[in-house]
Amino acid sequence: MSFIEVEQVGHHYFTPSTATVALEDVSFTIQKGEFISFLGPSGCGKTTMLSILAGLINPTTGKIRIDQQIPDQDANFIGYMLQQDYLFPWKTIEENILLGLKINGRLSSKTKQSALSFLNQIGLKGVNQQKPQQLSGGMRQRAALARTMAVNPKLLLLDEPFSALDYQTKLKLEDLVAEILKAYGKTAILVTHDIGEAISMSDRVFLFSGSPGKIHRIFNIPKELR
Ligand code: ADP
Ligand code: ADP
């Protein structure tokens, strides 16, 4: 039994006048601890596939299981990193990072300490009491990573989290995120247009093509290319 199982998934979007086939006959499995990239041009169904995995939309056809469960909107074992950091501007970095634990009713001295020591580990020492707008874009994305990791998700969905950063910051963060997620044994899926990013971060790259969106090929990325 694989950690993620996707079997012949299809998705149609219906509007009063049109039907768009966003995905057709997509099947794959992902093992625990793997880092996967969904690579492909826009419009080939990558975001739709990610939304189905997140339980935000249901597939029109096919079957999906994550850790043997059907994903739904209340799945609190999934963490996100998006293009924008979505930190609350009026809260400090520390408050932002502890918010998820608070909402889930899991804020204790142990989880708090673990979340704050993670801040040090990713180069955010000493910014606990600062507000997001006092930090650079790269540091805010680090804080977004810390917020995501604080709730200890089983699966991370990363939707172009580096695309708003300048080139040098982007390269540094790609390495950091890949290294941290491996160190913690997390399973992650990254959506990207950037082939360099996909290769340098992933164990496997799922190349999407469309329309309708399909997985055209799957590449294993040898360690020496990363
Ligand atoms: P990608 O993430 O690869 O750019 P998407 O999953 O966003 O691809 O889109 C796949 C196809 O589905 C595209 O043709 C897009 O126009 C269409 N689509 C996406 N979202 C919607 C929606 N909410 N309603 C109608 N069509 C949509
Ligand atoms: P699982 O059994 O689901 O893989 P674990 O509880 O074993 O998850 O934790 C996986 C890793 O995440 C461990 O190395 C642990 O130290 C780390 N971890 C757990 N909770 C936190 C947290 N709140 N902040 C940062 N890292 C954490």
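Residues numbered from 1 in each chain as written. Chains lettered and ligands numbered in written order. Predicted model: local features only at pLDDT ≥ 70, side-chain atom pairs only at ≥ 80, totals over all residues. Heavy atoms only, no water.

Undergrad: An account of the overall build of the protein is requested, with residue identities and associated values reported.
TA: Helices and strands together make up the secondary structure of the protein, namely 6 helices and 9 strands. Since a compact globule built from 226 residues should have a radius of gyration of about 17 Å, the 18 Å found for the protein is in line with a globular shape. Expressed along its principal axes, the backbone C-alpha trace of the protein runs to roughly 50 × 40 × 40 Å. For the protein, buried positions account for 47% of its 226 residues. Within the protein, residue pairs in contact and separated by at least 24 positions form 69% of the contacts whose partners lie at least 6 positions apart. Carbon and sulfur atoms provide 50% of the accessible area of the protein, an area that totals close to 11,500 Å². Charged side chains of the protein number 24 positive and 21 negative; the gap between the two group centres comes to 6 Å. (Helix = DSSP H or I, 4+ residues; strand = E, 2+ residues; numbered from the N terminus. Rg over C-alpha atoms; globule rule 2.2 N^0.38 Å. Buried < 20%, exposed > 50% of the residue type's maximum accessible area, 1.4 Å probe, protein only. Contact = heavy atoms within 4.5 Å. Areas by Shrake-Rupley, 256 points an atom, 1.4 Å probe, with all protein chains shown as cover. Lys, Arg positive; Asp, Glu negative; His and termini not counted. Charge placed at Lys NZ, Arg CZ, Asp CG, Glu CD.)

Undergrad: Break down the packing of aromatic side chains for me, with residues and values.
TA: Applying the stated rule across the entire model yields 6 aromatic pairs. On the numbers, 5.9 Å between centres and 25° between planes, the contact of Phe-38 with Phe-206 is stacked. Of the two residues, Phe-38 is situated in strand 3 (residues 35-39) and Phe-206 in strand 8 (residues 204-209); the sequence distance between them amounts to 168 residues. Residue Phe-206 is classed as buried on the basis of its relative accessible area, which comes to 0%. Between the aromatic rings of Phe-38 and Phe-208, the centroid separation amounts to 4.9 Å while the plane-to-plane angle is 50°, which identifies the pairing as tilted. (Phe/Tyr/Trp six-rings, centres within 6.5 Å; stacked < 30°, edge-to-face > 60°.)

Undergrad: An account of a nonpolar patch on the surface is requested, with residue identities and associated values reported.
TA: A cluster of nonpolar side chains, namely Leu-56, Tyr-80, Leu-82 and Tyr-86, defines an oily patch on the protein surface of about 380 Å² accessible area. With respect to the helices, strands and loops of the structure, Tyr-86 is situated in the loop between strand 5 (78-82) and helix 2 (93-103). (Patch = residues over 30% accessible without salt bridge, like charges linked within 9 Å, V, L, I, M, F, W, Y side chains within 5 Å. Salt bridge = Lys/Arg side-chain N within 4 Å of Asp/Glu carboxyl O.)

Undergrad: Help me get a handle on helix 2, residues and values and all.
TA: The complete set of buried residues in helix 2 reads Ile-93, Glu-94, Asn-96, Ile-97, Leu-98, Leu-99 and Leu-101. The inward-facing, buried residues of helix 2 contact helix 3 (109-121) and helix 4 (137-150).

Undergrad: Hey, could you go over the site of ligand 1 for me, with residue numbers and the actual values?
TA: Inspection of the region around ligand 1 gives Tyr-13, Thr-20, Ala-22, Pro-41, Ser-42, Gly-43, Cys-44, Gly-45, Lys-46, Thr-47 and Thr-48 as its neighbouring residues. With respect to ligand 1, the backbone of Gly-43 contributes an N or O atom lying 2.6 Å from an oxygen atom. One of the side-chain nitrogen or oxygen atoms of Thr-47 is found 2.6 Å away from an oxygen atom of ligand 1. In isolation ligand 1 offers 560 Å² of accessible surface; the protein chains occlude 62% of this area. Mapped onto the shell around ligand 1, the elements with two or more residues apiece are strand 2 (19-30) and helix 1 (46-53). In terms of residue count, helix 1 provides more of the shell around ligand 1 than any other element does, 3 residues in total. When the residues that make up the shell around ligand 1 are grouped by side-chain class, the tally is 4 nonpolar, 6 polar and 1 charged. (Near = heavy atom within 4 Å. Polar contact = N/O pair within 3.5 Å; in protein donor to acceptor, adjacent residues only side chain to side chain. Nonpolar A, V, L, I, M, F, W, Y, C, P; charged D, E, K, R; others polar.)

Undergrad: I'd like to hear about the confidence of the model for the protein, residue by residue, with values.
TA: Residues with a pLDDT of 70 or more make up 100% of the protein, whose mean pLDDT is 94. Scored as a whole, the predicted complex attains pTM 0.86, and scored at its interfaces, ipTM 0.68. (pLDDT = per-residue confidence, 0-100.)

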